[in-house]
Amino acid sequence: MKFAYRFSNLLGAVYRQGNLNFSQDGNAVISPVGNRVSVFDLKNNTSETLPVSTTKNITCVGLSPDRHLAIVVDEDGAALLVSLITRAVLHHFHFHKPVNSIRFSPDGRKFVVTKENVALMYHAPGKQREFNAFVLDKSYYGPYDETTCIDWTDDSKCFVVGSKDMSTWVFGAERWANLIYYSLGGHKDVIVGCFFEKDSLDLYTVSQDGTLCVWESDTELDGLVLMKSRDKPKPSRPGEEEGDEEERLEGEEGEVIRGKAEAPKGKNTKNVRYKQRSKHFFNKEGDFNNLTAAAYHKPTHILVTGFASGIFHLHELPEFNLIHSLSISDQRIASVAINSSGDWIGFGCSGMGQLLVWEWQSESYVFKQQGHFNNMASLAYSPDGQYVVTGGDDGKVKVWNTNSGLCFVTFTEHTSSITNVTFTSSGFVIVSASLDGTVRAFDLHRYRNFRTFTSPRPAQFSSLAVDKSGELVSAGAQDSFEIFLWSMQTGRLLEVLGGHEGPVSCLCFSPVQSILASASWDRTVRLWDMLDSWQVKETLSLTSDGLSVTYRPDGQELAVATLNGEISFWNPHTATQTGSVAGRHDLEMGRKETDKITAKQSAKGKSFTSLCYSADGESILAGGQSKFVCIYNIKEQMLMKKFEISCNLSFDAMEEFLDRRKMTEFGSLALVDEGAGDGEGVNISLPGVKKGDMSSRHFKPEIRVSSLRFSPTGRSWAATTTEGLLVYSLDGSMVFDPYDLDLDVTPASIRKQLRLQEWASAIVLAFRLNEKALKQEVLETVPHEQIPVICGSLPDIYVEKLLGFVAASLEKSGHLQFYMTWAQSLLMLHGQNLKNRSGSILPTLQSLQKSIQRHFDNLSKLCDFNMYNIRYAVALSKQRGVKRAAEEDERREEEEEEEKDGDDGDDGLSEEMSEASIGDAEMVL
């Protein structure tokens, strides 16, 4: 099953560069992260990375109106057509030049791509099968400099393109007689955004100097008239005329429309005219000067603008009324997007790798995530596999949820780079070592730094280990060659272990004994006995400098990586070497652009810097300064598989040979910085230039693997790389791995046993065939009351397999009680036998514990929520009861008073009546 590991998720990075997009319902953000695309579900609070990658960093993403298709374009102009339903790549295409923006028409029939100074309109891929997915329809020329942004009218009749030459061009998607092209000026800087008004040709244009121009058209959309052309047929749409469609080749220029600075002269029809209705300025106070991103929501007429200072504004157009203004970051806002309802606004800050979603009406964050600013240095799994902690060169310690893929707490107490992080055995304490001379312990209950360990003399800690009890904390110094031991309980320094003659590169406690293993550059591994006055128990002599040391999960073997590229295996009890693997040639180093020697020669000096045993202890993962992670079988001492962690050529040392087309007599052209800096200044020093950081330099980060860890559940492993935290998971659906297969083991025979109600026989046959869907069908057919009986009659060899399947099913299935009953029956009836094989079954039990813990957390939250609601309802009913009783008493008092008043009134009335009757009698007399 080791061969079934595949990339499942990218953690530690949420945004790098490019444009953000919302899903059709507005509940998910689609964000480009390096050369991959991540989807963040804002309602369910989960993240997913699509299993597609480009050859360089992604610069723009275009989504179809129904959000079923995405066109992803990288820095070189290489494009992928991706289905967001099946997550598959449908088509490859190359635009041959960097693409600035891409936008589908609202009807989904066309899409426009802007590259250099031209806008290219393509037929959008249809629902029917096509030999050619990208068919060029028209090429629009007009701007003199690079085009920057696009917007379409609601009926897809026209589109507008902004340019760096400060002009805006309106083009007709069809051959309109009164609008072929129209050029608009009025700005003094680069156009950042251009937007049509809803169901209108009226325009808004926004430039980088903070100027908004409102343009009014004298023609409605219904007033556009098609040009009558006898000699030239109207361009065909996909599916209308198959003959014309087949004649067009991919990359052919199609129809060319060249715009000029003056308006086109029509013969019989009146041309569309624009006039500037008003002009507004954002930077009246002068506190910001660079508008970097803009987005417009047509139904609500809201314009969102982001600035280089991290401020964003909300304005209502066309009156330009300021609704909201806030600073969300101290970095440049690179991208802005608004969801379909207009409630949520997404912001991407490429400088810090931030992704924010802001609800402007309630003024609250819906989503706020940030990756590590610099490289990640280390990672560790929690004992139940629920969480991953990472430490980075930015001095931050972040904790990620493996189920959701999101960071839920960040600790910023360290003032320098983190070198190592680890969990204690309880899973609620994180310990981190840093170059700032401190080792800190963090509590995951109260999210605070409750212990800080320091050395008597300042030392930079490069390695860290915590023993199984969580009481002893050890850290190795890279400058004084000493190992420091502290007590977690008291925070006091217990001992300073000396003896190494070089920097201590790695520390590791034995999982079963109180023995500390330390690897050093002095070519030794020392085993320190924590119970016997911290004496050196054994010294293992290595052939080269020790870089990494790790114990097998059962504590019966030790693996050491050395500088000469070897991995050696040792018996820690007898201090004898049991085997070794020469892995120098498996690293396959790439050649950096500054290297003077070939990759083959430089690989001789490379080695593995991180080791990790698998959960069952049968294989070992190894990684270093390379794009490959190797997995070795220890028993056979052979390479089983190499994982290529990235194919992103934006990183250095990715290719084995330098591109000779970039080589000149003066050196490599790749070393010449041709970029425009960070978008707000220039890199080339010019006299009198005041904006832009002249010290900023363009550099390519080098691909490397800094840390590797297997999940305690055994179903996934993670690596901290230049690209981020990559998680690889077991994918059972891709592998057919039968056990004890025979001719009579077929799906038909298994279903026959089910019809005969031979439940135990059906389960055994299903696990022999080992197909997930069939195993699930058999288990869920078994009656609930028969589960304990079947569990008691199963052979021992299938109990472990069934328990593993129940643990995996429990994680995703909705049949919570049903699978919990299976787990309980298996553990109660076979507990003693399982205990005897606890070493091999430990990953399965930890996977089961992780699933149960996750359901427990979710259910406890739900129960607490319901309990609070019931308490609130009871309190409300009591309050209403008291209020009702008070109202009843008040009403009774009022009635009594009315009755009393009524009696007095009746007496007065009778007297009046008697007096009236006497008067009447007198009148009669």
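Keep in mind the model is a prediction, meaning the values are calculated, not measured.

Trainee: Help me understand helix 6 (residues 772–781), please; the structure alone is not making it clear to me.
Mentor: Residue pairs spaced three or four apart in an α-helix point in one direction, given the helix's 3.6 residues per turn. Listing the buried residues of helix 6 in full gives Leu-774, Lys-775, Val-778 and Leu-779. In an axial view of helix 6, the angular spread of the buried residues amounts to 130°, which keeps them on one side of the axis. Within helix 6, the exposed residues directed more than 90 degrees away from the buried face are Lys-772 and Ala-773.

Trainee: When you look at the nonpolar core in this model, what are you seeing that I'm missing?
Mentor: Side chains of a nonpolar character, in soluble globular proteins, are inclined to be buried together. By size, the foremost hydrophobic cluster in this structure holds 35 residues, and its most contacted members are Ile-763, Leu-779, Leu-802 and Trp-822. Among the elements of the structure, helix 4 (747–755), helix 5 (759–769), helix 6, helix 7 (787–793), helix 8 (796–812), helix 9 (816–836) and helix 10 (838–924) are those that each provide at least two residues to this core. Once residues lying within four places of it in the same chain are set aside, the contact partners of Trp-822 are Ile-763, Leu-779, Val-782, Ile-787, Ile-790, Cys-791, Leu-802 and Val-806. Of all hydrophobic cores here, the second largest spans 23 residues; its members include Phe-7, Leu-10, Ala-13 and Ile-703.

Trainee: I tried to follow the pairing of strand 8 (residues 78–83) on my own but got confused; where do I start?
Mentor: Regular strands show a simple pattern: their side chains alternate between the two faces of the sheet. Within strand 8, six of the six residues are buried, which leaves it mostly tucked inside the rest of the structure. Across the two faces of strand 8 the burial is the same, with Ala-78, Leu-80 and Val-82 and Ala-79, Leu-81 and Ser-83 all buried. Bridging between strand 7 (residues 69–74) and strand 8 involves five bridges; their strand directions are antiparallel. Looking at the pairing, Ile-71 lines up with Leu-81 of strand 8. Counting the residues in the hairpin turn of strand 7 and strand 8 gives three residues, including Gly-77, whose phi is positive at 100°. Inspection of the sheet shows strand 8 paired to strand 9 (residues 88–94) by six bridges, in the antiparallel sense. Considered in strand 9, the bridge of Leu-80 is made with His-92. The antiparallel pairing of strand 8 with strand 9 creates a hairpin that spans four residues between the two strands, and Arg-87 there sits at a positive phi of about 60°.

Trainee: Looking at this model, I keep getting lost on the UniProt feature "repeat: WD" (unreviewed entry) in the protein. Mind explaining?
Mentor: Mapped onto the present numbering, the UniProt feature "repeat: WD" (unreviewed entry) falls at residues 184–216, 369–410, 411–452 and 497–530. In residues 184–216, the share of helix is 0% and the share of strand is 55%. The end C-alpha atoms are 11 Å apart. Counting secondary structure, residues 497–530 comes out at 0% helix and 56% strand; the distance between its end C-alpha atoms is 11 Å.

Trainee: So what exactly am I meant to see when it comes to the side chain of His-500 here?
Mentor: Structurally, the position occupied by His-500 is in the loop between strand 42 (493–497) and strand 43 (504–509). According to the relative accessible area criterion, His-500 is buried, its value standing at 6%. Within the structure, the side chain of His-500 is placed 3.1 Å from the side chain of Asp-522, a separation counted as a polar contact.

Trainee: What should I look at first to understand the confidence of the model for the protein in this one?
Mentor: Residues at a pLDDT of 70 or more form 86% of the protein, whose mean pLDDT is 83. Within the model, the stretch residues 230–252 combines pLDDT values under 50 with 35 contacts to residues more than four positions away or in other chains. Note that residues 920–925 has pLDDT below 50 and, in this model, zero contacts with residues that lie over four places away or in other chains.

Trainee: In this structure, what is going on with the packing of aromatic side chains? I would like to understand it.
Mentor: Aromatic rings considered in pairs are described by the distance between their centres and by the relative angle of their planes. This model, assessed by the stated rule, comprises 39 aromatic pairs. When the ring of Trp-152 is compared with that of Phe-159, the centres are 5.3 Å apart and the planes differ by 45°; the resulting orientation is tilted. By relative accessible area, Phe-159 is classed as buried at 0%. By way of ring pairs, the aromatic residues Phe-93, Phe-95, Phe-104, Phe-111, Tyr-122 and Phe-134 are connected into one cluster. Over the ring of Phe-7 we find Arg-36; its NZ or CZ atom is 4.0 Å from the centre of that ring. Cation over ring: Arg-258 sits above Tyr-141, and NZ or CZ is 4.4 Å from the ring centre.

Trainee: Can you walk me through the pattern of salt bridges in this structure?
Mentor: Charged atoms that come close allow side chains of opposite charge to pair. Summed over all chains, the structure comprises 23 salt bridges. One connected set of salt bridges, linked through shared partners, spans Arg-103, Asp-151, Asp-154 and Lys-298.

Trainee: Explain the packing of helix 6 against helix 8 to me, please; I cannot follow it from the model alone.
Mentor: To characterise two packed helices, one gives the angle between the axes of the helices and the distance between these axes. Orientation of helix 6 relative to helix 8, taken along the N-to-C sense of each, is 95°, at an axis distance of 12 Å. Accordingly, the angle class assigned to the pair helix 6 and helix 8 is roughly perpendicular. Here Lys-772, Lys-775, Gln-776 and Leu-779 of helix 6 lie close against helix 8, whose contacting residues are Leu-802, Phe-805 and Val-806.

Trainee: Hey, could you run me through the packing of helix 5 against helix 8 in this one?
Mentor: Interaxial distance between helix 5 and helix 8 falls to 11 Å at its minimum, and their mutual angle equals 75°. With respect to helix 8, the axis of helix 5 lies roughly perpendicular. Only Tyr-798, Lys-801, Leu-802 and Phe-805 of helix 8 make contact with helix 5, whose side of the interface consists of Val-764, Phe-767 and Arg-768. Residues belonging to the contact of helix 5 with helix 8 are distributed by class as follows: five nonpolar, no polar and two charged.

Trainee: Explain helix 4 to me, please; I cannot follow it from the model alone.
Mentor: Those residues of helix 4 lying buried are Ser-749, Ile-750, Gln-753 and Leu-754. Seen from one end, helix 4 has its buried residues packed into an arc of 150°, which puts them on one side. Across helix 4 from its buried face, at more than 90 degrees, point the exposed residues Ala-748 and Arg-755. Contacts from the buried residues of helix 4 go to helix 5 and helix 6. Among the residues trailing helix 4, Gln-757 stands out with phi positive, at a value near 60°.

Trainee: Which parts of the structure should I look at to understand the sheet that holds strand 13 (residues 135–141)?
Mentor: Where strands meet in a sheet, backbone hydrogen bonds hold them as pairs that are either parallel or antiparallel. Pairing is mixed across the open sheet formed by five strands, whose spatial order is 10-11-12-13-21. The sheet is open, and its two edges are formed by strand 10 (99–104) and strand 21 (255–258), each paired on a single side. Across this sheet, the average inter-strand angle for adjacent strands is 20°, counted without regard to direction. Bridge count between strand 13 and strand 21: four bridges; the pairing is parallel. Along strand 21, the bridge assignment pairs Tyr-141 with Arg-258.

What counts and what doesn't
Residues numbered from 1 in each chain as written. Predicted model: local features only at pLDDT ≥ 70, side-chain atom pairs only at ≥ 80, totals over all residues. Heavy atoms only, no water. Buried < 20%, exposed > 50% of the residue type's maximum accessible area, 1.4 Å probe, protein only. Helix = DSSP H or I, 4+ residues; strand = E, 2+ residues; numbered from the N terminus. Arc of directions from axis to C-beta. Core = buried A, V, L, I, M, F, W, Y, C linked by side-chain atoms within 4.5 Å. Contact = heavy atoms within 4.5 Å. Pairing = 2+ DSSP bridges. UniProt positions renumbered as here; feature names shortened; annotations may be inferred. Polar contact = N/O pair within 3.5 Å; in protein donor to acceptor, adjacent residues only side chain to side chain. pLDDT = per-residue confidence, 0-100. Phe/Tyr/Trp six-rings, centres within 6.5 Å; stacked < 30°, edge-to-face > 60°. Lys NZ or Arg CZ within 6 Å of the ring centre and 35° of its normal. Salt bridge = Lys/Arg side-chain N within 4 Å of Asp/Glu carboxyl O. Axes fitted to C-alpha atoms, helices over the stretch in contact; angles between N-to-C directions. Parallel < 35°, antiparallel > 145°, perpendicular 65-115°, else oblique. Nonpolar A, V, L, I, M, F, W, Y, C, P; charged D, E, K, R; others polar.

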